[in-house]
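# Architecture and fold: a report
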Amino acid sequence: MIPVVLAGGDGLRMRPLTCTIPKAMMPVCGKTLIEYTLELLNEQGFEKCIVAADNLSRQITSAFDENVLPGMDIDFSIRPSPCGTTAAVSYSAKNIAEDVLVVPSDTLADFDFNAEYQYHLDKKADITLIVKKIYDNSEISSVLTDNNGFAEDIIVNPSRENGLDVLALTGFCIISEKAVSLLGGYDGDLITEVIPGLIKKGIAVAVYEEKGFFLDVNTHIDLLAAQKAVLYGKYP
């Protein structure tokens with residue numbers, strides 16, 4: 001399994017901070033968000049990863065011109081223009097004959113990728129979504145599952161009035177080699193736009209509930225929360 005780290009995007013919700021710095025390069029207690037991501041992969045034994053970026057992300061490629069993590073080979077997949085996460089994954093994995101671990105670079109996460117992958121294999125899934133159970137009545141995308149742990153539907157921006165425990169989408173997922181080949185020609189967001197259509201077509205999409213720490217860093221408030229999590233020892 002090869003990790004594809006998604007490091008493109010314009011970080012609109014974090015402007016003006018992201019006017020000159022990619023969101024993946026936002027500093028959190030002396031390290032960038034993407035450094036935390038790469039270190040987690042390195043610690044769990046991955047020897048290679050692909051960072052999917054675009055031509056607006058030169059700060060990222062410049063920062064990692066030389067491998068900074070012993071034992072990990074970092075390759076870059078550069079799209080000529082910004083694109084959705086589906087196209088980014090498909091483009092990055094076009095020459096890979098392996099399963100792919102999709103990893104967002106704008107999070108703090110303490111996930112067990114090896115346990116996730118074993119679950120994916122045990123379920124014989126085409127795709128496995130990594131989720132976190134949260135209580136949140138805000139607008140957050142989540143997944144509905146059947147009794148066997150497979151996704152039935154993805155709920156994008158549910159009503160604030162729901163107020164239920166939900167299996168929130170984290171942006172992390174595992175895609176089999178076969179399923180990666182199905183992504184060609186699709187654009188848009190992989191998790192909320194493309195995978196729902198694949199579920200309806202009968203693609204087996206399993207759901208793995210993570211227990212580890214997770215924080216999605218999308219806004220200025222999230223960035224402050226990330227600083228506090230590291231300073232107060234909540235992460236890792």
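Up top is the structure.
Computed from a predicted structure; not experimentally measured. (Residues numbered from 1 in each chain as written. Predicted model: local features only at pLDDT ≥ 70, side-chain atom pairs only at ≥ 80, totals over all residues. Heavy atoms only, no water.)

### Examining the pattern of salt bridges
Applying the stated criterion across every chain, the model contains 4 salt bridges. In this structure, Lys178 and Asp126 form a salt bridge, with 3.1 Å as the shortest nitrogen-oxygen distance. Of this pair, Lys178 sits in helix H5 (residues 177–180) while Asp126 sits in the loop between helix H4 (113–122) and strand E8 (127–135), and the two are 52 residues apart along the sequence. Residue Lys178 is classed as exposed on the basis of its relative accessible area of 51%. Take Asp126: its relative accessible area is 11%, and that puts it in the buried class. (Salt bridge = Lys/Arg side-chain N within 4 Å of Asp/Glu carboxyl O. Helix = DSSP H or I, 4+ residues; strand = E, 2+ residues; numbered from the N terminus. Buried < 20%, exposed > 50% of the residue type's maximum accessible area, 1.4 Å probe, protein only.)

### With respect to the packing of aromatic side chains
Each aromatic ring pair is described using two quantities: the centre-to-centre distance and the angle formed by the ring planes. Overall, the coordinates contain 6 aromatic pairs when judged by the stated rule. Between Phe46 and Phe113, the aromatic rings sit 6.2 Å apart at their centres with planes inclined by 70°, giving edge-to-face as the arrangement. In this pair, Phe46 is assigned in the loop between helix H1 (33–43) and strand E4 (48–54) and Phe113 in helix H4, connecting sequence segments 67 residues apart. Each member of the aromatic cluster is reached from another via a ring pair, and the members are Phe46, Phe111, Phe113, Phe172 and Phe214. (Phe/Tyr/Trp six-rings, centres within 6.5 Å; stacked < 30°, edge-to-face > 60°.)

### Quick word on helix H6 (residues 190–200)
Three or more residues of H6 are buried, namely Leu190, Ile191, Val194, Ile195, Pro196, Leu198 and Ile199. You can read the cap of H6 off the contacts: a side-chain oxygen lies 3.2 Å from the backbone nitrogen of Ile191, and it is on Asp189. In the segment just after H6, Gly202 is the residue with positive phi, at about 95°. (Polar contact = N/O pair within 3.5 Å; in protein donor to acceptor, adjacent residues only side chain to side chain.)

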